[in-house]
Amino acid sequence: MGKTIQLSGLIILLATMLWPAGLHAQDMRPHSILVLDQSDRLGPFYYQVFVGLRDAVSAHGHAPTTVYTESLDLNRFGGEAYQDGFRRFLEEKYRDRPIGVVIAVGAAALELAIRWRPQLWPGTPIVFTLVEEADFKRLRPPAYVTGGIVTLKLKDAVLAARAVVPDLKTVVLVGAGWDRQVLFRNWKDQAAAGLPGLDLIEIIGRPMPDVVEQVAALPDHSVIIYTGLYSDGKGNYYPPSEALAFVAAKANRPIVVAAETFLEPGGIGGFVIVPSLIGADAAQRALRILDGEAPENLPPSMIDAVKPIFNWQQMQRWNVSEASLPQGSEIRFREPTFLEKYRWRAVALAAALLVQTMLIAFLLHERYMRRKAEVEARNRLSQLAHSNRQATAGELSSSIAHELNQPLGSILTNAESAELILGSPTPDLQEVREIISEIKRDDLRASEVIRRMRSLLKRAPFEKKEIDLNQTMQEAFDFLKLQASARNVAIYLQTSPQTLRVQGDPVQLQQVILNLVVNSMDAMGKMPYGRTIIGRTEVDGGASAVISICDSGPGIPPDRLNEIFDPFFTTKEQGMGIGLSIARTIVLAHSGQIWAENQSGGGAVFHLSLPLAA
């Protein structure tokens, strides 16, 4: 009896000593994940799987986790010798890198991970993803394996095909040989069972030239269902998304796909598997294990990673109505209408055009009144002062339309450029975003011009602040680059190495620079070549900053040098003669000076001097 009590006490003591170790065994697991990808991770689909996995790991804030990745590339390489060599490679590479969880992407990777586990990662849990239900049942993984099961059914692809072609008669399966398929291998038996009410054509395991030739001559009322091609049959391998692009370029019928990454290369859509969701599910399971949960408590389950997604551009190509798509379908690559893209900008542009029209009408009326006053002045000297005041008011009011021409013209040019870009097969959305940003900038500039010119008419003070004149010049020249290029003018800017701080209104000063440069462009309009404009900023005596605009044009007639800044003086056929007058008004309002002269080597140069800020 005493021996029994002693033995029981010894057992309890051992259990007490071992219990904390068992409790913290999961906590001591290395926070590292090894991802075994059965294909090439550089391929679009498997890359998106990794992106979803990586983002989930990055969002996990409990502890930093190291992620290693290895691509088995089993689509191109295989055999026992290759697999054994890869196993030895992993054994040597990770000899000193403890692994907390192994993630197997694909059924083939899972099968190898289970086989290699005793030698490479004894005791390490395995999480799988991208394993089809039939492969899961075939492998019957042990308890230390968990993961997300996906299911892709041929009947779902046929359902999408009927939505695309309501009077569907023929389904054409295009893909690599069934033994090389990863997720669609079980479709072989489903296809063999037949599709009720439909004819079935299988272009499976054929070389790329044969595939391209056959898909170019398919019968009417048919749909292609694409599973994936991996080579051209001549030893050249490529991602299945690239192969789809080759097929789509020649196919005479729409292509239903079952993977999200097949949409952009030419697939019209279908019930597609979203690879990022697959990667995120695997990462979340692995992280729960690293945080202490046992894989046995995370049984394998089906994951909702298949969504009805369709390609708007392909829908337009094949005249597919959105109303015919399955309920809850998502539309990708939809091209918004002009008003959808530029709603507020269009409203602002229309308002600006309306204001401009009203201002032009007002200016024409003022011009008529001025001329009428000039005629009446011959007989009515008493009304001369009144006519002069109207002419002055007309000069100031007319500046609004002149100042708006620059930003409104740029808005129109950018809108036309955006329309051309969006009309291309592969529009550069980043460039469109930049164009929209420029339109917004010019719209704001036009609004500022209207507001400030109104304040000038009311004799309100300018809105001055300390600005960098070099930056103001740089922005103005950047704004003019596109117009200069269109007019075959070489435009250069040489700014002072030191910062030129002045008190001024940047919008007004930029408008002066724009007027001077555009006038120089107009002056060189009839030159066949050698059109050059050079802008400079420099310090004059430490008290003033000087801007110079030089051109290679014909210069200014010497007898007109003293008249070019007068109101309504112009040498242009369509000119109003107010640009340089406005420039002088703005410079004088900034306590500066503006003058023009001819260069000894030809061409004209305009200078404007502004006092430096204290």
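Nothing here was measured: the structure is a model prediction, and the numbers come from that model. (Residues numbered from 1 in each chain as written. Predicted model: local features only at pLDDT ≥ 70, side-chain atom pairs only at ≥ 80, totals over all residues. Heavy atoms only, no water.)

1. Some details on the sheet that holds strand E2 (residues 66-71)
Taken together, the 6 strands give an open sheet; going across it, the order is E2-E1-E3-E4-E5-E11, and neighbouring strands pair in parallel fashion. Strands with a single pairing partner mark the edges of an open sheet, and in this sheet they are E2 and strand E11 (301-302). With 5 bridges joining them, strand E4 (residues 126-132) and strand E5 (residues 145-150) adopt parallel strand pairing. Of the residues in E5, the one forming a bridge with Val-127 is Thr-146. Taken strand by strand, helix H4 (residues 107-120) contacts strand E1 (32-37), strand E3 (101-105), E4 and E5, and its axis lies near 150° from that of E4. Sitting on the sheet, helix H10 (residues 275-290) touches E1, E3, E4, E5 and E11, and the angle it makes with E4 is about 160°. (Pairing = 2+ DSSP bridges. Helix = DSSP H or I, 4+ residues; strand = E, 2+ residues; numbered from the N terminus. Contact = heavy atoms within 4.5 Å. Axes fitted to C-alpha atoms, helices over the stretch in contact; angles between N-to-C directions.)

2. A closer look at unusual backbone geometry
In the Ramachandran plot, Leu-130 falls in the positive-phi region, its phi being about 60° despite a non-glycine side chain. For Leu-130, the position within the fold is in strand E4. One non-glycine residue with positive phi stands out, namely Asn-319, at about 55°. For Asn-319, the location among the structural elements is in the loop between helix H11 (312-317) and strand E13 (330-332). Residue Asn-319 is classed as exposed on the basis of its relative accessible area of 71%. (Buried < 20%, exposed > 50% of the residue type's maximum accessible area, 1.4 Å probe, protein only.)

3. Quick look at the side chain of Asn-186
Inspection of the secondary structure puts Asn-186 in the loop between strand E6 (170-175) and helix H7 (187-192). Within the structure, the side chain of Asn-186 is placed 3.4 Å from the side chain of Glu-132, a separation counted as a polar contact. (Polar contact = N/O pair within 3.5 Å; in protein donor to acceptor, adjacent residues only side chain to side chain.)

4. A word on the environment of Pro-427
The residue Pro-427 is located in the loop between helix H14 (384-422) and helix H15 (429-457) in this model. If near-sequence neighbours (up to four positions away) are discounted, Pro-427 is found in contact with Ile-421 and Leu-422.

5. Describing the pairing of strand E16 (residues 501-504)
Burial of the side chains of E16 is restricted to one face: Val-502 and Gly-504 are buried, whereas none of Arg-501 and Gln-503 on the reverse face is. Relative to E16, strand E14 (residues 465-468) is paired through 4 bridges, and the arrangement is antiparallel. Bridge pairing in E16 places Ile-467 opposite Val-502.

6. A closer look at the packing of aromatic side chains
This model, assessed by the stated rule, comprises 9 aromatic pairs. Geometrically, the ring pair formed by Phe-128 and Phe-136 is tilted, given 5.7 Å between the ring centres and 35° between the ring planes. The pair formed by Phe-128 and Phe-136 is uniform in burial state, with each residue classed as buried. Seen from their ring centres, Phe-565 and Phe-606 are 6.3 Å apart, and the 85° between their planes marks the pair as edge-to-face. Pair noted here: Phe-565 is in the loop between strand E18 (544-551) and helix H18 (579-589) and Phe-606 is in strand E20 (residues 604-611), with a separation of 41 residues, a long-range link. Ring-pair connections join several aromatic residues into one group, and the members of that group are Phe-77, Tyr-82, Phe-86 and Phe-89. The ring of Tyr-144 carries the charged tip of Arg-117 above its face, separated from the ring centre by 3.5 Å. Against the face of Trp-312 rests Arg-334, its NZ or CZ located 4.6 Å from the ring centre. (Phe/Tyr/Trp six-rings, centres within 6.5 Å; stacked < 30°, edge-to-face > 60°. Lys NZ or Arg CZ within 6 Å of the ring centre and 35° of its normal.)

7. Here's the deal with the confidence of the model for the protein
Regions with low pLDDT should not have their predicted coordinates read in detail. Of the residues in the protein, 85% reach a pLDDT of 70 or more, and the chain-wide mean stands at 83. Confidence drops under pLDDT 50 across residues 377-399; counting only partners more than four residues distant or on other chains, this segment forms 23 contacts. (pLDDT = per-residue confidence, 0-100.)

8. Focus: the sheet that holds E20
The strand order across the open sheet formed by 5 strands is E15-E17-E18-E20-E19, and the pairing between neighbours is mixed. The outermost strands of the open sheet, each flanked by one partner alone, are strand E15 (490-494) and strand E19 (593-598). Taken pair by pair, the neighbouring strands of this sheet meet at an average axis angle of 15°, ignoring direction. Across the sheet, helix H17 (residues 506-523) touches E15, strand E17 (532-540), E18, E19 and E20, and the angle it forms with E18 is around 25°.

9. A few points about the pattern of salt bridges
Opposite charge on two side chains makes pairing possible when the charged atoms of those side chains draw close. Under the definition given, this model contains 21 salt bridges. Taking the shortest distance from any N to any O, the salt bridge between Asp-522 and Arg-487 comes out at 2.4 Å. Here Arg-487 lies in the loop between helix H16 (469-486) and E15 and Asp-522 lies in helix H17, a separation of 35 residues in the sequence. (Salt bridge = Lys/Arg side-chain N within 4 Å of Asp/Glu carboxyl O.)

10. A closer look at the nonpolar core
Judged by nonpolar contacts, the single largest core of 85 residues is most densely connected at Ile-103, Ile-225 and Ile-273. Once you skip the residues sitting within four places of it in the chain, Ile-225 turns out to touch Leu-154, Ala-157, Val-158, Val-171, Val-172, Leu-173, Val-174, Trp-187 and Val-256. The next biggest cluster of nonpolar side chains, apart from the first, holds 40 residues, and it includes Ala-476, Phe-479, Ala-484 and Val-518. (Core = buried A, V, L, I, M, F, W, Y, C linked by side-chain atoms within 4.5 Å.)

11. Overview of the packing of helix H8 (residues 208-215) against helix H9 (residues 240-250)
Think of two packed helices as two axes; the pair is described by the angle between the axes and how far apart they sit. Here H8 crosses H9 at 35°, and the two axes come no closer than 8 Å. Note that H8 runs across H9; the crossing there is right-handed. From H8, Met-208, Val-211, Val-212 and Val-215 reach across to H9, where they touch Ala-243, Phe-246, Val-247 and Lys-250. Partitioned by chemical class, the residues of the contact of H8 with H9 number 7 nonpolar, no polar and 1 charged. (Left-handed = near helix turned anticlockwise from the far one by under 90°. Nonpolar A, V, L, I, M, F, W, Y, C, P; charged D, E, K, R; others polar.)

12. Describing a negative patch on the surface
The grouping of Asp-428, Glu-431, Glu-434 and Glu-438 at the surface amounts to a negative patch. Structurally, Asp-428 can be placed in the loop between H14 and H15. On the basis of relative accessible area, Asp-428 is assigned to the partly exposed category, the value being 38%. (Patch = residues over 30% accessible without salt bridge, like charges linked within 9 Å, V, L, I, M, F, W, Y side chains within 5 Å. Areas by Shrake-Rupley, 256 points an atom, 1.4 Å probe, with all protein chains shown as cover. Lys, Arg positive; Asp, Glu negative; His and termini not counted. Charge placed at Lys NZ, Arg CZ, Asp CG, Glu CD.)

13. So, H9
Every buried residue of H9 is accounted for by Ser-241, Ala-243, Leu-244, Val-247 and Ala-248. Along the long axis of H9, the arc covered by the buried residues comes to 150°, so they all point the same way. For H9, the secondary structure elements touched by its buried residues are helix H2 (44-58), H8, strand E8 (222-228), strand E9 (255-257) and H11. (Arc of directions from axis to C-beta.)

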